[in-house]
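Here is how the chains run, residue by residue.
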Amino acid sequence: MPCLHAGAQESMEPDAETPGTASTATAGSFRSETVSEPPMVRGTGWFFTPQWSPRSKNRAGRFGDGLRSEQVEAWLDDHSDFTRDYFLRRTSAVSGAQSPLPRLPRSTSDHTDMLRPAPHRRSSSPPTDTHLNISTLMDRLKPLASNPEWEDPFSPDVLGRHSPFSPRSSRFSFSPCRPLSPICSPDLPDSPHPPPLPAESGAACGRGECCLWATELLRGGLGRMGSVAELCRGAALHAGELLTAECCSLSLVKKDCGGKSTLEEVVAPTALGLRSEVDLWSRPHPSLVKGVMGCVLAAGSPVKLRDASEDPRFDIEDFESSQIRNVLSVPIKNHTREMVGVVLMINKRNDCDGSVSGFTDVDEKVLFDHMDVLGMVLDNAQLYESSRQEAKRSQALLEMAQVLSKEHLSFEVLLSKMAATIMPFTHAQYCTIFIPSEQTSAVEHQAEFSRVIHLECEELGSTCQIYRRERDVGDLDPSNALKTLVCKKTLNMSDGSEESINSVICCPVRNEMSENVIAVCQLTNKRNRDSDEVEAFNRYDQRLLEDLALYCGLALQYAQAVQITEERRASIEVTQEVLAYHITAAEQEIQALQEAAIPTVESLQLLNFHFSDFGLPEETTTQATVRMFLDLNLVQDFNIDYKSLCQWVLTVRRGYRNNVPYHNWNHALSTAQSMFAMLMATERLQSIFSRLEILALMIATLSHDLDHRGYSNSYIERSQQPLAQLYGHSSLERHHYNLCLFILNNTGSQILSGLSAEDHRAVLHMIKRAILATDLTVHMERREEFFSLTKKSRVSWKSEKKRDLLRSMLMTASDLSAITKPWPEQKRIANLVTMEFFAQGDKEKKEFKIKPIDIMNREKSTRLPYMQVEYINDICYPLYKAVSRLFDTCSPLLRGCRKNRENWIHFGETAEGNNCDNSCCITASTHQNEEVETQEMEE
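Not measured: the values here are computed from a predicted model.

Below, the discussion takes up the packing of helix 20 (residues 665-681) against helix 22 (residues 691-703). The geometry of helix 20 relative to helix 22 is characterised by a closest axis approach of 7 Å and an angle of 155 degrees between their N-to-C directions. Classified by the interaxial angle, the pair formed by helix 20 and helix 22 is roughly antiparallel. Contacts from Trp665, Ala668, Leu669, Thr671, Ala672, Met675, Phe676 and Leu679 of helix 20 reach helix 22 at Ile694, Leu697, Met698, Thr701 and Leu702. Broken down by class, the residue content of the contact of helix 20 with helix 22 amounts to 11 nonpolar, two polar and no charged.

Shown next as structure tokens:
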């Protein structure tokens, strides 16, 4: 690090010779130059660059401005490795020498051959273009990272810790480090008033050698210097000795949580040179030191006072005014020109007679240059400390996440373990978590806590032991926690008045969902690891505490969620128990069905596609269901317990609502009978499907509308009923399946208990697919694939995908089979369906204030015949035509559908008369469809 007195002084003299324009005498031979000049390194911008090349001399400083021999320069260019090694050895020898090399007498004007003057002159503002003659390439060397959020490297933790600092750039120019006061006999080594030399500078300062303070920085000697406080002290003392000041002080910038910058004293006003420590500087001068440094911090520019007592900005006591004459204070800035500190020098002394002389512009420039280097080193210290603290924080977060991921006996144990995780990182003696009562107020004097979790840390050498102490709310002082609870902000009250509590920091724990404060975390008494004294919590501690608060909030929400889940699970179990009791048939009913003689299929007409359950007694409907299972040999093939089958059938019947006009038990029986008739009438169907598939189809048809409410999916979704929130799309069908599964798992109704685990999973999957297929929205999405399949001459049903498609189409065909029944039955069922639809339309008008679609609009009841014809043409007829094309035995379904279309057309014409335009349109559409059917049948 160059101490730039001579070169800078000449650069400011009017008659100073411009560097690089040496006289003819200095441009002599190489031999004469080396004899008259000691080996010096002046332009070392390329010196530490391993990629130096001959062209680099045009970009950086040159070796020896006094050497003008092109032959020497060419030789050095061609032997760059030798040149680099030579100067590395020479620099090491200079910086590590026990005694300085003898310096030949030289005049002040000779300094221009060793220094490159600053290209710009500065009077009272910091130089912007040169800082300690750093190379222009220095801008390329920037910090590896920057974290403004953690910009507090000067906390007590950092100031007392050793850190491997290293400068941002090593491209500096070296020159002799000399005191910057007038020297009585600069050329005589036996001067009667030699300048005092600080220990940090060593004997080399002022004797023509390099500045050891800067050299140590460049050589990575900060490991020896130790903490930031020691580094700042060394820099302040070194600069003070160079400027021959009587006193120096240094403070660093510290930002609070709100981003406000304040100064924290690192180097107290310290006497320099031969002055006694008990003299003027045995006590600080806060009015002057704080006032001047505050002005520098506010303005960002230096303050230089010729006579401090005459400046009205500062209030100086009479005794101080007689002692304090001139002051120089400059900002310390990092590589981004952001202020990181302020240095102050008081009373420049003349070494010849000891009188007070004013600080010059040269002094200001040199102080700037040294502080720029210190600013870069401090910036590096910040980077190092930020990375170290971030690594520590990451470790703490990882440990807290591991604690959170494990199961714990209680919520208090979970919070205790999480709090114990950060206590070693913050060196807090106590950690307390205050949990407010549920009905707490937002007013401080009305707020209260219901319980506390208190932990105490006891250090045992290099380790610490954490204990959980049983404490009541009354045993602890909750005042700080109450303030945090009310203001909902982190409070760092490190200047507590109580003797036992010297530092306290509190942080609210919020519920991320509601933003309410659900707890308060408090750390108390941060212990210094070296002195065991209580110190203030810094920003790193605050950040860790806020992290703990976040994880505590997650833990609280997790515990609450687990508690709510367990309560709801218990509630569901109770509800299921109640439902199972009420839905299960009475024992007398089960026994009656079990002992009853089951009628034959012939007597019940179960094989007839025109089967009607209208007028059948209720017990006969259950007997008909049992008969279908018996005739399909499902009881024998799957080892179904007969009593379980009877209970299951009766329970399914009770699962349908009696107050629903159409989607009730009778509709379920009719759907199952249609499936049974198709299976029994078509041997090919029984060969296509496995026995397990047939069992799934029969269970699905009987259960496909369980607990139907008489409303469509669209109404349930629009009214945001719980079913829609629970299932989303196909809400009713999914509800039907889940209730079917509930009944199958109900005690006494487990007709699938004889299946293997694999078959059990397979049959439940097929039941679910079959029930979901009864949603007409799903049917419309898949039917084109089925229609195209039926047009092929031969279809292979070995594929599970094709069989699943066939099962889905047969489910819909069975579900809509009412449209194929004889006309009286069809007309009766149409009236039941209309009752449901009109009831839903009425609710939509009332609740949603909308006009329902025509089929659900009671005002459009006269259009029922035409809507039935549209329903047949669009949905029913294409389906039954495709099924009949595959299986001739199912053609009665197609004929019944066609016949009912004709009946609805005739019914509409009779009701509205022959002049009805709608009836004419329907008749024309009917004739066209019949012509198309005839052509397709012929093909």
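From this point, things continue past the structure.
Axis angle and axis distance: for two packed helices, these are the angle between their axes and the distance between the axes, and together they describe the pair. Taken N-terminus to C-terminus, the directions of helix 17 (residues 618-631) and helix 19 (residues 642-654) make an angle of 130 degrees; their axes are 10 Å apart at the nearest point. Taken as axis vectors, helix 17 and helix 19 run oblique relative to one another. Read as a crossing pair, helix 17 and helix 19 show a hand that is right-handed. Between helix 17 and helix 19, the residues in contact are Glu618, Thr622, Thr625, Val626, Phe629 and Leu630 and Tyr642, Leu645, Trp648, Val649, Leu650 and Arg653, respectively. Residues of the contact of helix 17 with helix 19, tallied by class, amount to eight nonpolar, two polar and two charged.

Moving on: the environment of Thr622. Looking at where Thr622 falls in the secondary structure, it is placed in helix 17. For the pair Thr622 and Leu669, spaced 47 residues apart in the sequence, the C-alpha separation amounts to 8.6 Å.

Glancing now at the environment of Leu894. Within the secondary structure, Leu894 sits in helix 31 (residues 891-912). For the pair Leu894 and Thr820, spaced 74 residues apart in sequence, the C-alpha to C-alpha distance is 7.2 Å. The contacts of Leu894, once residues within four sequence positions are left out, are Tyr877, Tyr880, Lys881 and Ser884.

Turning to helix 22, a few remarks are in order. When the terminal C-alpha atoms of helix 22 are compared, their 19 Å separation across 13 residues agrees well with the 18 Å that a helix rising 1.5 Å per residue should span. Burial runs high along helix 22: 12 of the 13 residues are buried. Listed as buried for helix 22 are Leu692, Glu693, Ile694, Leu695, Ala696, Leu697, Met698, Ile699, Ala700, Thr701, Leu702 and Ser703.

Glancing now at the side chain of His667. Mapped onto the elements, His667 comes out in helix 20. Under the relative-accessibility criterion, His667 is labelled buried at 6%. Among the polar contacts made by the side chain of His667, one reaches the side chain of His704 at a distance of 3.2 Å. Each residue touching His667, except ones within four places of it in the same chain, is listed here: Asp613, Tyr662, His704, Asp705 and Asp815.

For any two aromatic rings, the description comes down to two numbers: the centre-to-centre distance and the angle of the planes. Following the criterion strictly, the structure yields nine aromatic pairs and no others. When the centroid spacing of 5.0 Å and the interplanar angle of 75 degrees are considered together, the rings of Trp823 and Trp904 count as edge-to-face. Residue Trp823 is found in helix 29 (residues 823-848), and its partner Trp904 is found in helix 31; the two are separated by 81 residues along the sequence. A relative accessible area of 1% means that Trp904 is categorised as buried. Grouped by ring-pair contacts, the aromatic residues Tyr711, Tyr715 and Phe848 constitute a single cluster. Above the ring of Tyr877, the side-chain terminus of Arg901 is found at 4.7 Å from the ring centroid.

What follows covers the pairing of strand 5 (residues 339-349). Burial analysis of strand 5 places 10 of its 11 residues in the buried class, the great majority of the element. Relative to strand 5, strand 1 (residues 245-255) is paired through seven bridges, and the arrangement is antiparallel. Across the sheet, Leu250 pairs through a bridge with Val343, a residue of strand 5. Pairing geometry for strand 4 (residues 327-333) and strand 5, over seven bridges, is antiparallel. Looking across to strand 5, one finds that Val327 is bridged to Ile346. With antiparallel pairing between neighbouring strands as the criterion, strand 4 and strand 5 make up a hairpin whose turn holds five residues, including Arg337 at a positive phi of roughly 65 degrees.

For soluble globular proteins, nonpolar side chains are generally found buried alongside one another. Grouped together as the largest cluster of nonpolar side chains are 96 residues, with contacts concentrated most on Phe629, Trp648, Met698, Ile699 and Ile767. With 10 residues, the top contributor of residues to this core is helix 30 (residues 864-886). Grouped together as the second largest cluster of nonpolar side chains are 34 residues, Trp213, Val228, Ala236 and Leu237 included.

Residue Asn347 is not a glycine yet carries a positive backbone phi of 60 degrees. Unlike most non-glycine residues, Asn639 shows phi in positive territory, near 55 degrees. Residue position: Asn639 is located in the loop between helix 18 (634-637) and helix 19. Classification of Asn639 as exposed rests on a relative accessible area of 63%.

Another aspect to go through is the pattern of salt bridges. Applying the stated criterion to the full structure yields 34 salt bridges. Of the charged contacts, one joins Arg769 and Asp804 as a salt bridge, the two residues approaching to 2.7 Å between their closest N and O atoms. Here Arg769 is found in helix 26 (residues 757-772), whereas its partner Asp804 is found in helix 28 (residues 800-815), with 35 residues between them in sequence. Arg769 gets classed as partly exposed once you look at its relative accessible area, which sits at 35%. Overall, the relative accessible area of 8% leaves Asp804 in the buried class. Overlapping salt bridges, with partners in common, bring together Glu693, Arg769, Arg782, Glu800, Arg803, Asp804 and Arg807 in one network.

Before going further, it helps to examine the side chain of Thr484. Position of Thr484 among the secondary structure elements: in helix 13 (residues 479-487). Since its relative accessible area comes to 0%, Thr484 is described here as buried. Reaching out from Thr484, the side chain makes a polar contact with the backbone oxygen of Asn480 at a distance of 3.1 Å. Setting aside residues no more than four positions away along its own chain, Thr484 makes contact with Lys489, Leu491, Cys506, Cys507, Pro508 and Val520.

Analysis parameters
- Residues numbered from 1 in each chain as written.
- Predicted model: local features only at pLDDT ≥ 70, side-chain atom pairs only at ≥ 80, totals over all residues.
- Heavy atoms only, no water.
- Axes fitted to C-alpha atoms, helices over the stretch in contact; angles between N-to-C directions.
- Helix = DSSP H or I, 4+ residues; strand = E, 2+ residues; numbered from the N terminus.
- Parallel < 35°, antiparallel > 145°, perpendicular 65-115°, else oblique.
- Contact = heavy atoms within 4.5 Å.
- Nonpolar A, V, L, I, M, F, W, Y, C, P; charged D, E, K, R; others polar.
- Left-handed = near helix turned anticlockwise from the far one by under 90°.
- Expected span 1.5 Å × (residues − 1).
- Buried < 20%, exposed > 50% of the residue type's maximum accessible area, 1.4 Å probe, protein only.
- Polar contact = N/O pair within 3.5 Å; in protein donor to acceptor, adjacent residues only side chain to side chain.
- Phe/Tyr/Trp six-rings, centres within 6.5 Å; stacked < 30°, edge-to-face > 60°.
- Lys NZ or Arg CZ within 6 Å of the ring centre and 35° of its normal.
- Pairing = 2+ DSSP bridges.
- Core = buried A, V, L, I, M, F, W, Y, C linked by side-chain atoms within 4.5 Å.
- Salt bridge = Lys/Arg side-chain N within 4 Å of Asp/Glu carboxyl O.

By themselves these figures say nothing about function.
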